[in-house]
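# Chain and residue survey
What follows is each chain in one-letter form.
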Amino acid sequence: MTPYARRGVHGQTVEVLARRILGGEIPEGATLDLVALQSELDVSLTALRESLKVLAAKGMVDARQKRGTFVRARADWNLLDVDVLRWQFEGGRTTEAERALLRNLAEVRAIIEPAAVRLAAERRTDADLAALDAALEAMDEEQTDAAHAVEADLAFHRALLAATHNELLERMEMVIESGLAHRDRIVHSSPHSEDPVPAHRAVLDAVRDRDSQAATAAMRALLDQAGRDLDRVGDSDETEGSRSQ
């Protein structure tokens with residue numbers, strides 16, 4: 001699941017079309033007017049068709065004789081593709097659809113990460129511990145800003161998956177990170193979130209001690225805290241929204 005390289009007019013065209021489809025501006029089942037899109041986006045027909053090939057590979061569009069190019073049903077989209085996840089989260093605002101996707105990803109994390117951390121506790125190496133220590137230290141820095149906090153959190157969870165020494169679990173980082181990064185940007189920019197360091201330190205301590213049972217419990221507690229933080233931010237946003245009306 002290598003991310004799509006976002007370069008030049010071609011890359012910009014892919015992302016514009018993808019966000020329109022994901023946001024519902026171009027609905028499921030709609031047939032695309034390629035001539036109109038070519039004129040609106042000011043690209044060649046060749047560049048437009050090449051961009052659509054990228055989206056076709058992700059299950060978002062298809063082309064048929066007599067029908068043309070059309071948007072496939074959402075059930076056909078590769079929602080676990082790292083680009084599809086990123087495109088849904090990079091709109092600059094958090095919609096209810098995005099919150100629903102974050103909840104879905106939280107459920108996926110609740111299945112994967114407790115099992116992964118159990119393996120990490122059993123298999124971790126000194127190099128794995130060094131990577132986890134570095135990520136936690138970065139997370140604990142007093143002057144950590146939101147962007148730095150996001151990267152430190154991603155580095156910690158990336159190192160945990162690497163510590164499983166399971167190639168398939170390590171690849172799950174691309175799925176988990178897309179949602180985790182967006183959740184972190186929301187939470188770390190809010191004054192309502194809990195300090196994430198103690199929960200992460202509890203996970204690391206258990207992994208260091210090779211205590212798989214304690215590591216699993218600590219990870220579940222960390223994920224519970226992550227869910228509370230997101231709910232708290234959502235409640236705060238709703239309160240602010242009602243006050244402004």
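The coordinates are above.
Scope of this entry: the structure provided in the associated data block. Because the structure is a prediction, the values reported are computed rather than measured.

The rules behind the values
- Residues numbered from 1 in each chain as written.
- Predicted model: local features only at pLDDT ≥ 70, side-chain atom pairs only at ≥ 80, totals over all residues.
- Heavy atoms only, no water.
- Phe/Tyr/Trp six-rings, centres within 6.5 Å; stacked < 30°, edge-to-face > 60°.
- Lys NZ or Arg CZ within 6 Å of the ring centre and 35° of its normal.
- Pairing = 2+ DSSP bridges.
- Helix = DSSP H or I, 4+ residues; strand = E, 2+ residues; numbered from the N terminus.
- 1 Å grid on protein atoms, 1.4 Å probe; cavity = no way out; pocket = protein on both sides within 12 Å on 5 of 7 lines; lining within 4 Å.
- Points joined across faces, edges and corners; volume = space filled by probe spheres on them.
- Nonpolar A, V, L, I, M, F, W, Y, C, P; charged D, E, K, R; others polar.
- Expected span 1.5 Å × (residues − 1).
- Buried < 20%, exposed > 50% of the residue type's maximum accessible area, 1.4 Å probe, protein only.
- Core = buried A, V, L, I, M, F, W, Y, C linked by side-chain atoms within 4.5 Å.
- Contact = heavy atoms within 4.5 Å.
- Axes fitted to C-alpha atoms, helices over the stretch in contact; angles between N-to-C directions.
- Parallel < 35°, antiparallel > 145°, perpendicular 65-115°, else oblique.
- Left-handed = near helix turned anticlockwise from the far one by under 90°.

## Overview of the packing of aromatic side chains
Using the criterion set out here, one finds zero aromatic pairs in the structure. Sitting over the ring of Phe70, Arg67 keeps its end group 3.7 Å from the ring centre.

## Some words on the pairing of strand 2 (residues 68-71)
Here four bridges tie strand 1 (residues 61-64) to strand 2, and the two strands are oriented antiparallel to one another. Counterpart to Arg64 in the pairing with strand 2 is Gly68. The antiparallel pairing of strand 1 with strand 2 creates a hairpin that spans three residues between the two strands, and Lys66 there sits at a positive phi of about 70°.

## Topic: empty space enclosed by the protein
Applying the stated criterion across every chain, the model contains two cavities of 30 Å³ or more. Counted as a void, the second largest cavity has a volume near 40 Å³. Surrounding the second largest cavity, Glu113, Ala116, Val117, His157, Leu160, Leu161 and Met219 form its lining. The set of elements that each furnish at least two residues to the lining of the second largest cavity consists of helix 5 (96-123) and helix 7 (146-162). In terms of residue class, the lining of the second largest cavity is built from five nonpolar, one polar and one charged.

## A word on helix 10 (residues 197-208)
Look at helix 10: 16 Å from first C-alpha to last across twelve residues, which is about the 16 Å you get at 1.5 Å a residue. Three or more residues of helix 10 are buried, namely Val197, Ala199, His200, Val203, Leu204, Ala206 and Val207. At the C-terminal side of helix 10, Arg210 shows a positive phi close to 60°.

## What about the nonpolar core?
Counting residues in hydrophobic clusters, the biggest one holds 25 residues, and the most contacted among them are Val117, Leu132, Phe156, Leu160, Val203 and Val207. If near-sequence neighbours (up to four positions away) are discounted, Val203 is found in contact with Val117, Phe156, Leu160, Ala218, Met219 and Leu222. If you look at the next biggest cluster of nonpolar residues, it comprises 22 residues, including Ile26, Leu52, Met60 and Val84.

## Details of the environment of Val35
With respect to the helices and strands, Val35 occurs in helix 2 (residues 34-41). Residue class for Val35 comes out exposed when judged on its relative accessible area of 62%. Considered as a pair, Val35 and Leu45 are ten residues apart in the sequence and their alpha carbons are 7.7 Å apart.

## Some thoughts on the packing of helix 1 (residues 8-22) against helix 3 (residues 45-57)
It is at 9 Å that the axes of helix 1 and helix 3 come closest, and there the two elements cross at 55°. By the angle between their axes, helix 1 is oblique relative to helix 3. Two packed elements cross with a definite hand, and for helix 1 against helix 3 that hand is right-handed. Contacts from His10, Thr13, Val14, Leu17, Ala18 and Ile21 in helix 1 reach Ala47, Leu48, Glu50, Ser51, Leu52, Val54 and Leu55 in helix 3.

Keep in mind these numbers describe shape, not what the thing actually does.
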